[in-house]
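These are the residues of each chain, in order.
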Amino acid sequence: MGKAAKSSRKFAASGKLKQAIQSRKKHQQMQKKIQGRRGVHGKGKQQAVTEVDDSEHNDDEKEVKGVCKKAGKESKMTVEDLLGAEFMDDDNDAEEDEDDAEGDELDTEEDEEDVADDQSFASVDDLEDHGTSHMLELAQLAEKDPEFYKYLQENDRELLEFTATQEGRDEEDCDEEDDDDDVMDGDDEEEEEMGEELPILTTGILKTWQKALLEHRSLRALRKLLIAFRSAVHMNEDDQVLLWRIDNAAVYTKLVTTSLRYTPIVLAHHIPYKTLPNGKFKQPSQSAKQKTLQKLTLSYFNNLIHLIPQLTDPETLRLALTESAKILPYVVSSRRAVKTYLKKCLELWSTSEDDVRIAAFLAIRRLASSTDDSIVDLVLKSTYLALVRACKSTTTYRLPSITLMKNSACELFCVDHGATYLHAFGYIRQLAILLRRGMKTKTKEAYKQVYNWQYAHCVDFWALVLGRACDAHAEAKRGGQESELRPLIYPLVQVSLGAIKLISNSRSYPFHLHIARSMLHLTRHTRIYVPLTPYLLPIISSTLTASGKPKSSTLRPLDMETHIRAPAQYVKTRVYAAGLVEETVFLLAEWLGSGPVHGSVAFPELIVPIIVTLRRTVKNCKELGKEAGMVKSLLERVEDTAKWIDQSRSGINFGPGKMDEVEQWEANAEIAESPLGKYLKVQRKSREKRKRMIDKANKGEDEILED
């Protein structure tokens with residue numbers, strides 16, 4: 001035997017040789033197990049499969065079937081689990097068990113993900129040697145076929161210029177390797193004197209890598225950078241084998257930012273991917289280079305996932321989310337990495353600052369742009385469940401963040417209406433099951449499953465989704481084609497109105513107003529008539545004509561946006577009655593001013609029962625003079641609007657049977673200039689101004705309010 005190299009002797013003396021051998025044995029056992037699962041696919045060595053392997057394969061199949069059966073039982077979530085916010089962990093476990101039974105797909109993932117991060121990935125360096133072999137082939141071509149070589153010189157100079165460029169790159173890379181060898185030799189001598197210390201990463205080394213990455217898109221430099229990046233990510237962990245030591249905070253920050261910014265650029269240069277016209281991306285085509293870089297890319301992505309929870313600076317965290325989204329086309333085939341990454345992004349989307357929330361959502365939306373339908377389904381399901389979990393409690397301070405989550409999730413669900421339909425149908429059905437249970441059992445527990453914040457926010461979220469997907473302008477942009485989600489409008493409206501009728505006492509009126517707002521939003525955007533007056537008028541009538549004089553109180557006005565059930569001390573108080581009447585009158589005015597009602601040619605006939613009810617209520621009201629004045633003001637504007645529309649339609653010469661002409665008249669009607677339209681403008685401005693003043697007061701700004 002020859003004498004071992006100096007580096008080999010040092011590696012053995014460091015005590016890491018045993019760990020490397022154990023890691024290799026573990027990898028070989030995993031490969032053997034995977035090969036046993038796949039069965040005999042080839043010839044030669046693969047044909048020598050023993051009976052023991054067959055028995056192990058059968059046992060594995062039985063175990064996978066058992067896990068699948070168990071996952072099937074656990075995946076049947078009850079609606080209580082959904083609204084109890086205890087579904088997230090169970091759902092993830094069930095999904096992992098299902099993925100463990102996917103067969104060959106899982107075997108491929110294990111091949112990729114069980115790679116030790118401390119491997120050298122030396123095969124990446126071999127990719128840069130292809131230029132040298134290409135040069136030799138062209139030189140041989142010049143000797144064998146000079147005429148064709150001359151043709152290339154005249155018509156395809158790029159090929160020959162590539163040869164010269166590649167030669168220069170190889171020379172520079174060789175010079176860099178020589179310099180690195182000299183540095184490492186010096187480090188070896190220092191390590192012999194100082195012990196088993198790791199080389200220290202400096203700014204100079206980083207600049208060398210940056211230059212190679214920018215000028216040549218060097219894969220050698222990328223490999224070195226990502227190995228150093230792994231050392232930075234795991235530097236405070238005792239059970240990790242590191243190859244670099246980082247003693248400077250500035251170098252650490254520079255290394256992280258360099259890895260985040262440069263890696264997507266180099267990967268896009270060597271293994272580009274396609275983006276379809278609809279915005280979805282396709283994975284890079286299978287090639288030798290792609291297969292070689294796959295393990296390196298997946299190792300970097302897993303280290304990046306491990307780094308994200310460690311980051312505390314919002315700017316760096318936002319950068320990590322933005323740049324990690326660019327790596328997704330290269331790692332989307334690894335379901336385990338995708339699930340872990342999605343979970344981290346959803347946590348940040350639910351709990352972080354607004355800038356980080358937006359960056360996390362953009363990363364989630366990028367993941368949903370995959371052409372793999374199973375990944376799109378996973379993203380939609382996980383996003384909805386994270387939203388429901390975040391809506392368990394609602395306060396003045398949490399309401400803006402919940403609103404941001406609902407609006408961003410609505411955008412995600414409106415990307416692919418076909419994929420959204422399956423999820424929307426299932427979750428609206430769960431809301432209907434909860435409502436049916438409450439109507440049948442009529443118990444306190446059954447009522448609580450409907451009258452809670454999660455139920456109210458779920459109804460509002462699906463109203464946002466359907467309103468955006470089925471909007472008249474959105475459908476016009478699609479060439480007049482109706483959305484696939486339009487059939488879900490009717491069941492959502494039925495569930496919402498049934499929830500209002502479930503409990504009719506005065507303490508539950510805030511919940512009724514929340515549902516009415518959601519239905520009002522749906523009415524505006526879809527131009528579908530939703531009858532809300534049977535649910536709004538009783539609130540006004542019962543409040544203004546209540547028996548007994550309202551109790552005076554020093555309580556603050558109840559915020560209807562952050563309460564779904566009035567506290568007991570507010571019952572029969574003047575402050576609560578005033579707040580209810582004011583909010584309900586405004587919602588009634590908004591409904592009367594919506595397109596399907598106000599823009600209808602039959603508006604004077606539609607409002608007849610409303611006018612009769614409001615007049616009777618005002619006549620019987622004795623105690624609440626100011627609140628009765630609000631109702632009178634609305635009543636006058638509605639009657640004036642009826643006269644205004646009656647005058648506008650006096651010159652028409654078509655009947656109700658000619659719907660084309662009716663729709664054309666309604667489209668040309670300027671309802672914003674009607675008395676009711678002007679009344680609504682004033683009311684909206686007044687409410688917006690008051691809301692700004694309250695927000696400033698809550699934040700301690702401008703304590704002296706302006707007139």
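Look above for the structure.
## Some remarks on the overall build of the protein
And step 1. If you tally the helices and strands in the protein, you get 34 helices and zero strands.
And step 2. Considering the protein as a whole, with its 707 residues, one finds that 43% of them fall into the buried category.
And step 3. Residue pairs at least 24 apart in sequence account for 74% of intrachain contacts in the protein once pairs closer than 6 positions are excluded.
And step 4. When the accessible area of the protein is evaluated, it comes to approximately 38,500 Å², of which 51% is carbon and sulfur surface.

## A closer look at the side chain of threonine 383
And step 1. Inspection of the secondary structure puts threonine 383 in helix 19 (residues 373-390).
And step 2. Using a relative accessible area of 1% as the deciding quantity, one classes threonine 383 as buried.
And step 3. Other than its neighbours up to four places away in sequence, threonine 383 contacts Leu346, Trp349, Ile364, Ala409 and Leu412.

## Some points on the pattern of salt bridges
And step 1. Taken as a whole, this structure holds 16 salt bridges when the rule is applied.
And step 2. The residue glutamate 475 makes a salt bridge to arginine 486 at a minimum N-O spacing of 3.0 Å. Note that glutamate 475 is positioned in helix 24 (residues 472-477) and arginine 486 in the loop between helix 24 and helix 25 (489-502), a separation of 11 residues in sequence. In this pair, the class of glutamate 475 matches that of arginine 486, namely buried.
And step 3. One salt bridge in this structure joins glutamate 605 and arginine 649, with 2.7 Å as the shortest N-O distance. Taken together, the positions of glutamate 605 in helix 30 (residues 603-606) and arginine 649 in the loop between helix 32 (625-648) and helix 33 (659-668) put the pair 44 residues apart, joining distant regions of the chain.

## Some points on the packing of helix 17 (residues 335-351) against helix 18 (residues 354-367)
And step 1. The N-to-C vectors of helix 17 and helix 18 enclose an angle of 150 degrees; their axes lie 8 Å apart at closest approach. Helix 18 is crossed by helix 17, and the crossing has left-handed handedness. Residue-level contacts link Val338, Tyr341, Leu342, Cys345, Leu346, Leu348, Trp349, Ser350 and Thr351 of helix 17 to Val356, Arg357, Ala360, Phe361, Ala363, Ile364 and Leu367 of helix 18.
And step 2. Its residues placed into classes, the contact of helix 17 with helix 18 shows 13 nonpolar, two polar and one charged.

## A short note on the environment of threonine 263
And step 1. By the element assignment, threonine 263 lies in helix 13 (residues 249-270).
And step 2. Discounting chain neighbours no more than four positions away, the residues touching threonine 263 are Leu222, Leu226, Thr258, Tyr300 and Ile327.

## A look at the packing of aromatic side chains
And step 1. Counting across every chain of the model gives 15 aromatic pairs.
And step 2. Aromatic ring contacts, followed pair by pair, group Tyr384, Phe413, Tyr427, Phe461 and Trp462 into a single cluster.
And step 3. The residue whose ring lies beneath arginine 687 is phenylalanine 586, and the NZ or CZ to ring-centre distance is 4.0 Å.

## A word on the nonpolar core
And step 1. Grouped together as the largest cluster of nonpolar side chains are 168 residues, with contacts concentrated most on Trp349, Tyr455 and Trp462.
And step 2. Among the elements that take part in this core, helix 23 (residues 453-469) stands out by supplying 12 residues, more than any other.
And step 3. With residues up to four places along the chain from it excluded, the contact list for tryptophan 349 reads Arg357, Ala360, Phe361, Ile364, Thr383, Ala386, Leu387, Met405, Ser408 and Ala409.

## Some details on the packing of helix 26 (residues 509-526) against helix 27 (residues 533-544)
And step 1. With their axes 10 Å apart at the nearest point, helix 26 and helix 27 run at an angle of 150 degrees to one another. Between helix 26 and helix 27, the interaxial angle falls into the category roughly antiparallel. Crossing angle aside, the handedness with which helix 26 passes helix 27 is left-handed. Note on element contacts: helix 27 touches helix 26 through Leu536, Pro538, Ile539, Ser542 and Thr543, opposite Tyr509, His512, Leu513 and Ala516.
And step 2. Here the contact of helix 26 with helix 27 is built from residues that sort into six nonpolar, three polar and no charged.

## Re the environment of valine 338
And step 1. Mapped onto the elements, valine 338 comes out in helix 17.
And step 2. On the accessibility criterion, valine 338 (1% relative accessible area) is buried.
And step 3. Spatially, the C-alpha atoms of valine 338 and asparagine 302 are 9.6 Å apart, while their sequence positions differ by 36 residues.
And step 4. If near-sequence neighbours (up to four positions away) are discounted, valine 338 is found in contact with Val331, Val332 and Leu367.

## Describing helix 31 (residues 608-620)
Working note: α-helix, 3.6 residues per turn, so residues spaced by three or four point in the same direction.
And step 1. Compared with the 18 Å implied by 1.5 Å per residue over 13 residues, the 19 Å span of helix 31 between its first and last C-alpha is a close match.
And step 2. Buried residues of helix 31: Ile610, Ile611, Leu614, Thr617 and Val618, and no others. Considered in projection along helix 31, the buried side chains sweep an arc of 130 degrees and stay on one side of the axis.
And step 3. Where helix 31 is buried, its residues contact helix 27, helix 28 (574-592), helix 30 and helix 32.

## Re helix 19
And step 1. The first and last C-alpha atoms of helix 19 sit 26 Å apart over 18 residues, in line with the 26 Å expected at 1.5 Å per residue.
And step 2. For helix 19, the tally of buried residues reaches 13 of 18 residues, placing the bulk of the element in the interior.

## Re the state of the cysteines
And step 1. Taken as a whole, this structure holds zero disulfides when the rule is applied.
And step 2. There is no disulfide at cysteine 391, and the cysteine sulfur nearest it, in cysteine 458, is 7.0 Å away.

## Some details on the side chain of serine 483
And step 1. Here serine 483 shows up in the loop between helix 24 and helix 25.
And step 2. A polar contact is formed between the side chain of serine 483 and the backbone nitrogen of leucine 485, at a distance of 3.1 Å.
And step 3. Residues within four places of serine 483 in sequence aside, it is in contact with His417, Ala469, Cys470, Glu475 and Arg478.

Criteria and thresholds
Numbering of residues starts from 1 in each chain and follows the order in which that chain's sequence is written. Reporting in this predicted model follows two pLDDT cut-offs: at least 70 for local features of residues, and 80 or more for side-chain atom pairs to be given and counted; totals over whole chains, interfaces and linings ignore these cut-offs and use all residues. Just so you know, side-chain values use all the structure's heavy atoms and leave hydrogens and water out. In DSSP terms, a helix is any run of H or I states spanning at least four residues, a strand is any run of E spanning at least two, and both are numbered starting from the N terminus. Per-residue accessibility, obtained with a 1.4 Å probe over protein chains only, is compared with the maximum for each type, and a residue is labelled buried under 20%, exposed over 50%, and partly exposed between these values. Contact definition: two residues touch when any of their heavy atoms are within 4.5 Å. Method for areas: the Shrake-Rupley scheme with a 1.4 Å probe, in which residue coverage is limited to the protein chains shown. Criterion for a salt bridge: a side-chain nitrogen of Lys or Arg within 4 Å of a carboxyl oxygen of Asp or Glu. Convention adopted: a line fitted to C-alpha atoms gives each axis, helices being fitted over their contacting stretch, and angles between N-to-C directions are expressed from 0 to 180 degrees. Handedness of a crossing is defined here by the sense of rotation of the near helix relative to the far one, left-handed for an anticlockwise turn of less than a right angle and right-handed for a clockwise turn. Think of it as three bins: nonpolar holds Ala, Val, Leu, Ile, Met, Phe, Trp, Tyr, Cys and Pro, charged holds Asp, Glu, Lys and Arg, and polar takes everything else, Gly as well. Here is the rule: rings of Phe, Tyr and Trp (six-membered ring for Trp) pair when centre to centre is within 6.5 Å. Planes less than 30 degrees apart are stacked, more than 60 are edge-to-face, and the remainder are tilted. Here, a charge over a ring is recorded when the distance from Lys NZ or Arg CZ to the ring centre is within 6 Å and its angle to the ring normal is within 35 degrees. Nine residue types can take part in a nonpolar core, namely buried Ala, Val, Leu, Ile, Met, Phe, Trp, Tyr and Cys, and a core is a set of them joined through side-chain atoms within 4.5 Å. Here the angle decides the label: under 35 degrees means roughly parallel, over 145 means roughly antiparallel, 65 to 115 means roughly perpendicular, and every other value means oblique. Take the number of residues in a helix, subtract one, and multiply by 1.5 Å to get its expected span. Taken from the helix axis, the directions to the C-beta atoms give the arc we talk about. Put simply, a disulfide is two cysteine sulfurs that come within 2.5 Å. By the criterion applied in these results, polar contacts are pairs of N or O atoms within 3.5 Å in which, for protein atoms, one can donate a hydrogen and the other can accept it, and in which residues neighboring in sequence qualify only through two side-chain atoms.

Treat this as a map of the structure, not an account of what it does.
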